[in-house]
Amino acid sequence: MGPVSAPVVASAVLPLTSHPLQRAGAWAVAVLAGRESPGEVTVADLDAVAARVVDDVCAAALAGKDEAVYDWWKVLFALYPNSKPTHSKRTRDRAVMEEAVAALFAPDGADGAAHPCTFCGAPTPVVWTKSNLPMFDTSKALNTLPPGVPGWPVCRGCRVAVWALPYGAWVTAGSASVLSCESERAERAFAERNVLRARRVMQLGFGKLSAAARPELVAVRALLAVREELSATTLWTFKNDNQEPWLRVTSTRRALPRFLAVVQGNAPLRRGWRLLEVALTRRDKDGVVVAGGAAEAARLLFEAEDGRSRSLLWQLHHLLTQDAGRSWGARDRADLTRLAFTYAKEILGMEPDPTPVATVIADWIQHGSGNPRGRLAEYRNVALSDYKLGALLTQAHFRLVFDGRSAAAGPDDWAPLISQRPRAWEQRMLLAARVLELLQQRGVAVNAPPADEVERDREERLLEQPMLRDEDDDYDMGAA
Ligand SMILES: [Zn+2]
């Protein structure tokens, strides 16, 4: 090797980096090119994908506001708000627009100083600013840029990837969600589904797609499809707004695929999951689904970075313990309770046996003096509070012993439930599920009276449908 020769970088045509946006875009390019992975993408593939992106961007940029493809322009606007095709004063001349957009993806020239690509490190003379890069600072924020470079260097493969991003992301008219996952096959499956959806958005507009769909459902279905045993996922949802860009990060635990496989392979758990989905489905006054049960249930599997998200366990607790409105048959309650315990075991690694303590509470509710409904209400009120639950348990224990009954558990048994240790809250939720299950088994009325038989039959048929169904599948079957 000569002393002055530059290091030879055998860079891929399309690198797959760890940057979530570049990564999602690289998967989108691979899917659009019909390749298994970004590593297989050739220069000819990149040319073809870039040409398609140029076509779609121009069609969207020149569309009238009443055209379906105008919805794709809204997607582009949410991602690249100051770029040439999204600018409010953009040209209406197709040839001029095409030239401007195509120039974004032109092969790197050999002349000029090259800088390492912001995403993959390959040398490139092309420098982009925020207008073409979602979630990047403007060129005015000089201190966040490499010294002496008037923007962000981006190689050709990464430039195409960054604009293929909306095909591989789950998009709305104002935001995009991308998935990073330990399983590359699941990442590809997520992109694949979204590429199909992107085509539908361009052809039909958002108005013709299910308003109840959500990225969490697409992500969970992608995980299920590839049958991994363990795989953590992270969902990045963002808007690259001029004024207020935002980013929300949620993730799932590594054991999620195993949990889902257990649920799918077990009839009572599957039925419990469907009960949850049906309970979470919301319709407007015309009967149109505004919150899809499968999508809402999938959402409960994701935890927000700031801890401010509803958990599946909390939702099941809420459904099982709410007093009014819903009626659970003994089988419904058993299936939902089993789902809660399976989630605790597979996802949280908990295997508590709350039955002895639950028996003390159930005995007290059933046999204490006065009205069982009053005592049940009293228990419901304190079920999740460590201190108040402790007081109720002491009272119940005292009452049972005083009345000459045996108590199934004592203070040592419930100490872990009323402590401030991690997972005590979860244990109290599982305890409540078991208390209500015991009461229902004993014939103590714990919820609204059961619905009539016709209604029950209708609901039972609903429960037989597959879990985690994607409502947009209807379009695949030609229902559109
Ligand atoms: Zn690059």
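Residues numbered from 1 in each chain as written. Predicted model: local features only at pLDDT ≥ 70, side-chain atom pairs only at ≥ 80, totals over all residues.

- The name given to the protein chain in an unreviewed UniProt entry is CRISPR-associated protein Cst1, and the organism recorded there is Streptomyces radicis.

Some words on the overall build of the protein chain
Right, so step 1: Within the protein chain, the secondary structure is distributed over 19 helices and 11 strands.
Right, so step 2: Dimensions of the protein chain along its principal axes, counting C-alpha atoms only, are 95 × 55 × 40 Å.
Right, so step 3: Put simply, the protein chain has 480 residues, and 41% of those count as buried.
Right, so step 4: Expressed as a percentage of contacts within the protein chain between residues at least 6 apart in sequence, the contacts between residues at least 24 apart total 70%. (Helix = DSSP H or I, 4+ residues; strand = E, 2+ residues; numbered from the N terminus. Buried ≥ 20, exposed ≤ 12 C-beta atoms within 10 Å, placed from the backbone. Contact = placed C-beta atoms within 7 Å.)

Topic: the packing of helix H9 (residues 267-280) against helix H12 (residues 330-346)
Right, so step 1: At their nearest, the axes of H9 and H12 sit 8 Å apart, and the two run at 100° to each other. The pairing of H9 with H12 is recorded here as roughly perpendicular in orientation. Where H9 approaches H12, its residues Pro268, Leu269, Arg271, Gly272, Trp273, Leu275 and Leu276 are matched on the opposing element by Asp332, Asp335, Leu336, Arg338, Leu339 and Thr342.
Right, so step 2: Split by residue class, the contact of H9 with H12 holds seven nonpolar, two polar and four charged. (Axes fitted to C-alpha atoms, helices over the stretch in contact; angles between N-to-C directions. Parallel < 35°, antiparallel > 145°, perpendicular 65-115°, else oblique. Nonpolar A, V, L, I, M, F, W, Y, C, P; charged D, E, K, R; others polar.)

A short note on the domain arrangement of the protein chain
Right, so step 1: Here the protein chain is described as being made up of domain 1 (20-252) and domain 2 (309-463).
Right, so step 2: Each of domain 1 and domain 2 has a C-alpha centre, and the two are 48 Å apart. (Domains from an automatic or database assignment.)

Some words on helix H8 (residues 256-264)
An α-helical segment advances 3.6 residues per turn. Residues three or four places apart therefore align on the same side.
Right, so step 1: Considered for burial, the residues of H8 that qualify are Leu256, Pro257, Phe259, Leu260 and Val263. Buried residues of H8 fall within an arc of 160° about the axis and therefore sit on the same side.
Right, so step 2: Looking at the buried side of H8, the elements it contacts are helix H7 (215-226), strand S8 (246-252), H9 and H12. (Arc of directions from axis to C-beta.)

Quick notes on unusual backbone geometry
Right, so step 1: Phi is positive for Arg227, which is not a glycine, with a value near 55°.
Right, so step 2: With respect to the helices and strands, the residue Arg227 is situated in the loop between H7 and strand S7 (233-239).
Right, so step 3: Classification of Arg227 by C-beta neighbours within 10 Å gives exposed; the count is 12.
Right, so step 4: The backbone phi angle of Leu468 is positive, close to 50°, even though this residue is not glycine.
Right, so step 5: Mapped onto the fold, Leu468 is located in the loop between helix H18 (453-463) and helix H19 (473-476).

Side note on the pairing of strand S6 (residues 176-181)
Right, so step 1: Of all six residues in S6, six are buried, a share of seventy percent or more.
Right, so step 2: Once strand S5 (residues 170-171) ends, the chain turns through four residues before running back antiparallel as S6.
Right, so step 3: The sheet contact formed by S6 and S7 spans six bridges and is antiparallel. When the bridges of S7 are listed, Ala176 appears paired with Phe238. (Pairing = 2+ DSSP bridges.)

Quick word on the sheet that holds strand S11 (residues 303-304)
Right, so step 1: The sheet built from five strands is open, its strands ordered S5-S6-S7-S8-S11 with antiparallel pairing. Strands with a single pairing partner mark the edges of an open sheet, and in this sheet they are S5 and S11.
Right, so step 2: As judged from the seven bridges shared by S7 and S8, these two strands associate in the antiparallel manner. Its bridge partner lying in S8, Lys239 is registered against Trp246.
Right, so step 3: Contacts between H7 and the sheet are confined to S5, S6 and S7, with S7 contributing the most and set at about 155° to the helix.

Notes on the packing of helix H2 (residues 43-61) against helix H4 (residues 94-104)
To characterise two packed helices, one gives the angle between the axes of the helices and the distance between these axes.
Right, so step 1: Between H2 and H4, the least distance of the axes is 10 Å, while the angle of their chain directions is 135°. As judged from the angle between their axes, H2 and H4 are oblique. Relative to H4, H2 is oriented so that their crossing is right-handed. Between H2, through Val54, Val57, Cys58 and Ala61, and H4, the contact on the second element is made entirely by Arg94, Met97, Glu98, Val101 and Ala102.
Right, so step 2: Broken down by class, the residue content of the contact of H2 with H4 amounts to seven nonpolar, no polar and two charged. (Left-handed = near helix turned anticlockwise from the far one by under 90°.)

Re the nonpolar core
Right, so step 1: Counting 129 residues, the largest nonpolar core has Ala28, Val29, Val160, Ala164, Leu165, Ala340 and Ile361 as the members making the most contacts within it.
Right, so step 2: Structurally, this core is a two-domain feature, drawing no fewer than three residues from each of domain 1 (20-252) and domain 2 (309-463).
Right, so step 3: Excluding its chain neighbours within four sequence positions, the residues that come into contact with Ala28 are Ala164, Leu165, Tyr167, Gly168, Ala191 and Val195. (Core = buried A, V, L, I, M, F, W, Y, C linked by C-beta atoms within 7 Å.)

Describing the environment of Ser175
Right, so step 1: Among the structural elements, Ser175 can be located in the loop between S5 and S6.
Right, so step 2: C-alpha of Ser175 to C-alpha of Lys345: the two residues are 170 residues apart in sequence and 35 Å apart in space.

Quick notes on helix H5 (residues 156-168)
Right, so step 1: If you check H5, its first and last C-alpha atoms are 18 Å apart, about what 13 residues at 1.5 Å a residue would give, namely 18 Å.
Right, so step 2: Along H5, 13 of the 13 residues are buried, which leaves the element largely enclosed by surrounding structure. (Expected span 1.5 Å × (residues − 1).)

Notes on the environment of Glu182
Right, so step 1: Turning to its location among the elements, Glu182 is positioned in the loop between S6 and helix H6 (184-204).
Right, so step 2: Along the primary structure Glu182 and Ala30 are separated by 152 residues, whereas in three dimensions their C-alpha atoms are 18 Å apart.
Right, so step 3: Once you skip the residues sitting within four places of it in the chain, Glu182 turns out to touch Ser231 and Ala232.

Some details on the confidence of the model for the protein chain
Right, so step 1: Overall, the predicted model of the protein chain reaches an average pLDDT of 90, with 93% of residues at or above 70.
Right, so step 2: By mean pLDDT, the top-scoring element of the protein chain is H2 (98), and the lowest-scoring one is H19 (54).
Right, so step 3: The low-confidence segment residues 1-9 (pLDDT under 50) makes two contacts with residues lying over four places distant or belonging to another chain.
Right, so step 4: A low-confidence stretch, residues 475-480 (pLDDT under 50), is modelled with five contacts involving residues beyond four sequence positions or located in other chains. (pLDDT = per-residue confidence, 0-100.)

Concerning the environment of Val160
Right, so step 1: With respect to the secondary-structure elements, Val160 resides in helix H5.
Right, so step 2: As a C-alpha pair, Val160 and Asp108 span 52 residues in sequence and 12 Å in three-dimensional space.
Right, so step 3: Setting aside chain neighbours within four positions, we find Val160 in contact with Val29, Leu46, Val49, Ala50, Val53 and Phe105.

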